[in-house]
Amino acid sequence: MSSIIQLTSITKFYQVGEEKVHALDGVSIQIQKNEYVAIMGPSGSGKSTLMNIIGCLDTPTSGLYELNDTSVSDMNDNQLAKIRNKEIGFVFQTFNLLARSDVLHNVELPLIYGGIGSMERKKLARAAIERVGLTDRIHHKPNELSGGQRQRVSIARALVTQPSILLADEPTGNLDTKTGDEIMMLFDTLHKEGNTIILVTHEEDIALHAHRRIRLRDGKMEVDEPIKNRKILTRPTTVMA
Amino acid sequence: MKFVFDEFKEGMAIAFAAIRANKMRSVLTTLGIVIGIVSVTLMGTAIEGLNRAFNKSIAALGSDVLYVQKWSWGNHNDDWWIIKNRRNVRIKQAKDIEKYSEYAQAVNPVTGTRRNVIYGQKLVENVTIIGTGAYWLETSGSTVAFGRFFTPMEADGGRPVCAIGSEVAANLFPNENPIGKNIKIGGYAYQVLSVFDKQGSFLGLESLDNRVYVPINRFFQEFMSHRSDLQIMVKAKSVEELDNTKEEVRGILRRSRGLKPKDQDDFAINQQETLIQTFNTIGGVIAAVGLFITGMSLFVGGIGIMNIMFVSVTERTREIGIRKAIGAPRRTILLQFLMESAALCLIGGIIGIIIAFPISLIIDTFLPTAMPLSVVFIALLVSIIVGVVSGFLPAYRASRLDPVDALRYE
């Protein structure tokens, strides 16, 4: 089976004044379908840059990035936007919901940009909202929701286009431990349902939910190993709302 | 197509949500456009009024009538002093045209002055007294409401008879039939033969109804020397023959005034056309200058919109980042902000028209006009264009934002 993500010798330089900063320096990674990967590293290690490149928000200075066997490393802005829309579901630390729109509209938004018709859109959005257990909050604005609920809205938004990968950047960073655990349980369930999940975090505890750990340091791959002592949360995943 | 429509709907929703979210700011920004649209539409309405007044007045001159005068209505290429010193146009020239012209249907000498008119105890001051031949109705296109105009015999004989304008009639004879009554014009007695239909005013200035018409020969005896300057109205048999008539009249006049072949004409033959041309030149300049000056305020309003759109883009950098991250292409972001600024301006335009319309009704009371529908549509179109043009730069900047930077923006 071919990989969903194939990164080959990815480098990324930033020009800061006179100096060239190597955010990524020859990183190669393969990720298969339905993998559950944690990308770790201290700040400045290049993990954000790596996430931006995997998420097609940024392009590498050199190297090859193939997503679903399509090279995306030299696509233009609009092509990348399309890829992000169809293939990638983002879950951000700060949720990044549209404050003035209700839950339904927030979840619907990627489908609008994907050109899905109104009826179909509403149906898919409602299904995704139900999946994260927020059906009773469907017309609430983000500021009427708790942190955990907001993060679930953003997960629903990420899921709604049925993307190839879910890309979560410190998804529990702004949540308390209990809520964070609930969110991680949701990710675990989504993984069991066949989703490919990439988790960017600096918390060992959170990373333990994943099956594979990639550790970066100074823009280089330091560790790429399977996780043995996985953290399994035993509480039933249905009591999340 | 459906896709574009959805994007448009989304853009509209965002635009109005953004405008609603910053009510005060939106109102203040829109104010610039409102003022711009009000001034431009009112200027358009005023120009329309000017045109209407002119066209109405000019129609009275008749397109098939020539006016022989010392002065030309068009551009004065000749020296003012030379024209001033031309010999007066006299009654003899009118007689000669009448005698020799083949093309002329009616010839009518005219002159005028101002006098007080009295009937019994009633006095009307400063009435325009027109001394005219018998063919005033034919050459001027005016009509008599009741009674009859004086005959050629009465005109030549200088009988003390007159025809009065509707305003004079209303002032002197509020409750009586004026026909057959004797009035005093500048102290001389005249019998009223007829009353004219209401005609309005010339170029919105001089009332055409505050007039009394008397036979020109009588006029010469009582109000002015027969050597004074006249105007001769010559009605051609048809509009098509106007140029021929003009040439013929010119020849007759040159002979009548004893000009040698190499002498230049010492008279002018005017026609409606000349005045229209002169007006179009002047009116065009007035319109251009007026619209330019009022357009400036719209321009300033546009700059206000541009400024606020830059603020809006900066404020919503993060939102732009989110939208881009989940797959909004550049075009969508560009469209979103263009629609926001166009919507702002369109609202301004609509409010502007709502304000300008009652003001145009006030203008209508002293300069008959109406806000032309074309001006309304143009104003709305212009406000949308102003919105799109002034929103373009901020929207373009938004669409080019790097999603990574935009998401990181606090």
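Just so it is clear, the structure is predicted and the values come from calculations on it, not from any experiment. Once a new chain begins, its residue numbering starts again from 1 and follows that chain's sequence as written. As a convention, the first chain written is A and the first ligand written is 1, with the rest following in written order. Reporting of local features is limited, given that this is a predicted model, to residues whose pLDDT is at least 70; pairs of side-chain atoms are given and counted only at 80 or more, and all residues count toward the totals for whole chains, interfaces and linings.

**Digging into the overall build of chain A**
Rule in force here: Comment: elements are numbered from the N terminus, with helices defined as DSSP H or I runs of at least four residues and strands as E runs of at least two. As defined in this context, the radius of gyration uses C-alpha atoms, and a globule is described by 2.2 Å times the residue total to the power 0.38. Residues with at least 20 other C-beta atoms within 10 Å of their own are called buried, those with 12 or fewer are called exposed, and the rest are partly exposed. The C-beta atoms themselves are positioned from the backbone. This entry defines residue contacts through backbone-placed C-beta atoms, with two residues in contact when those atoms are within 7 Å.
The number of helices and strands found in chain A is 7 helices and 10 strands. Taken over C-alpha atoms, the radius of gyration comes to 18 Å for chain A, in line with the 18 Å a tight globule of 241 residues would show. For chain A, the spread of C-alpha atoms along the principal axes amounts to about 50 × 40 × 40 Å. Residue burial in chain A is summarised as follows: out of 241 residues, 47% are buried. If you take every contact in chain A between residues at least 6 apart in sequence, the share linking residues at least 24 apart comes to 67%.

**Some thoughts on the overall build of chain B**
Tallying secondary structure elements over chain B gives 14 helices and 12 strands in all. When the backbone C-alpha atoms are referred to their principal axes, chain B occupies close to 100 × 60 × 40 Å. Sorting the 410 residues of chain B into buried and exposed places 40% on the buried side.

**Side note on the environment of Tyr 188 of chain B**
Summarising the element assignment, Tyr 188 of chain B is placed in strand β7 (residues 188-196). Here the alpha-carbon distance between Tyr 188 of chain B and Val 27 of chain B, two residues 161 residues apart in the chain, equals 68 Å.

**Focus on the sheet that holds strand β2 (residues 19-31) of chain A**
The condition is simple: Paired strands are those between which DSSP finds at least two bridges.
An order of β2-β1-β4-β5 (chain A) is seen for the 4 strands of this open sheet, with the pairing classed as antiparallel. Of all strands in the sheet, those bounded by a partner on one side alone are β2 and β5 (70-71) of chain A.

**So, the packing of helix α2 (residues 23-61) of chain B against helix α10 (residues 272-315) of chain B**
All names here are of chain B. We apply this condition: Every axis corresponds to a line fitted to the C-alpha atoms, with the helix fit spanning only the stretch in contact, and the corresponding angles, defined between N-to-C directions, vary from 0 to 180 degrees. Roughly parallel here means an angle under 35 degrees, roughly antiparallel means over 145, roughly perpendicular means 65 to 115, and every remaining angle is called oblique. Polar here means any residue other than Ala, Val, Leu, Ile, Met, Phe, Trp, Tyr, Cys and Pro, which are nonpolar, and Asp, Glu, Lys and Arg, which are charged; Gly is therefore polar.
Where α2 contacts α10, the two axes come as close as 8 Å, and the packing angle between them is 175°. Relative to α10, α2 is oriented roughly antiparallel. Here the residues of the contact of α2 with α10 sort into 20 nonpolar, 13 polar and 1 charged.

**Details of the packing of α10 of chain B against helix α13 (residues 373-399) of chain B**
Residues and elements named next belong to chain B. To be explicit about the condition: In a left-handed crossing the near helix is turned counterclockwise from the far helix by less than a right angle, and in a right-handed crossing that turn is clockwise.
The interhelical angle for the contact between α10 and α13, taken along N-to-C directions, is 25°, at an axis separation of 8 Å. The angle between α10 and α13 falls in the class roughly parallel. Both α10 and α13 take part in a crossing whose hand is right-handed. Across the interface between the two elements, Leu 298, Gly 301, Gly 302, Ile 303, Ile 305, Met 306, Met 309, Phe 310 and Val 313 of α10 pack against Val 386, Gly 387, Val 389, Ser 390, Gly 391, Leu 393, Pro 394, Arg 397 and Ala 398 of α13. When its residues are assigned to classes, the contact of α10 with α13 shows 12 nonpolar, 5 polar and 1 charged.

**A word on the domain arrangement of chain B**
Threshold: Residue ranges assigned to each domain were obtained from an automatic or database domain assignment.
Per the domain assignment, the segments making up chain B are domain 1 (2-57 + 278-408) and domain 2 (87-266). Put simply, the middle of domain 1 of chain B and the middle of domain 2 of chain B, counted by C-alpha atoms, are 55 Å apart.

**Focus: unusual backbone geometry**
Residue and element names in this part refer to chain A. Its identity is not glycine, yet Asp 69 carries a phi of approximately 65°, on the positive side. With respect to the helices and strands, the residue Asp 69 is situated in the loop between β4 (62-67) and β5. Classification of Asp 69 by C-beta neighbours within 10 Å gives exposed; the count is 9. You will see that Gln 162, though not glycine, has its phi angle at about 50°, which is positive. Assignment of secondary structure puts Gln 162 in the loop between α5 (147-159) and β7 (165-169).

**Quick word on the interface of chain B and chain A**
Taken together, the contact between chain B and chain A spans 19 residues of the former and 22 residues of the latter. Elements with a minimum of two residues in the side of chain B that touches chain A: α1 (2-21), α11 (317-325), α12 (330-366) and α14 (403-408) of chain B. The element contributing the most residues to the side of chain B that touches chain A is α1 of chain B, with 6 residues. Tallied by class, residues from the side of chain B that touches chain A come to 11 nonpolar, 2 polar and 6 charged.

**As for the nonpolar core**
One recurring pattern in soluble globular proteins is that nonpolar side chains are buried together. As a reminder, the rule being used: Buried Ala, Val, Leu, Ile, Met, Phe, Trp, Tyr and Cys residues whose C-beta atoms connect them within 7 Å together make up a nonpolar core.
In terms of nonpolar packing, the biggest core is built from 116 residues, with Ile 39, Ala 156, Ile 198 and Leu 199 of chain A touching the most fellow members. For this core, the element with the most residues is α12 of chain B, which contributes 12 residues. Counting residues in each nonpolar core, the second largest holds 51 residues, with Trp 136, Phe 149, Tyr 190 and Tyr 213 of chain B among its members.

**Comments concerning α13 of chain B**
Residues and elements named next belong to chain B. Rule in force here: Here the expected length of a helix is defined as 1.5 Å per residue gap, with one fewer gap than residues. To obtain the bend at a residue, axes are fitted to the seven residues ending there and to the seven starting there, and the angle between these axes is taken.
Its 27 residues give α13 an end-to-end C-alpha distance of 37 Å, which sits within 8% of 39 Å, the value for a rise of 1.5 Å per residue. Most pronounced at Phe 392, the bend in α13 amounts to some 45°, and the proline Pro 394 follows within four residues. Here α13 has its buried residues at Val 375, Ala 379, Val 382, Ser 383, Val 386, Gly 387, Ser 390, Gly 391, Pro 394, Ala 395, Ala 398 and Ser 399. Packing partners of the buried residues in α13 comprise α2, α10, α11 and α12.

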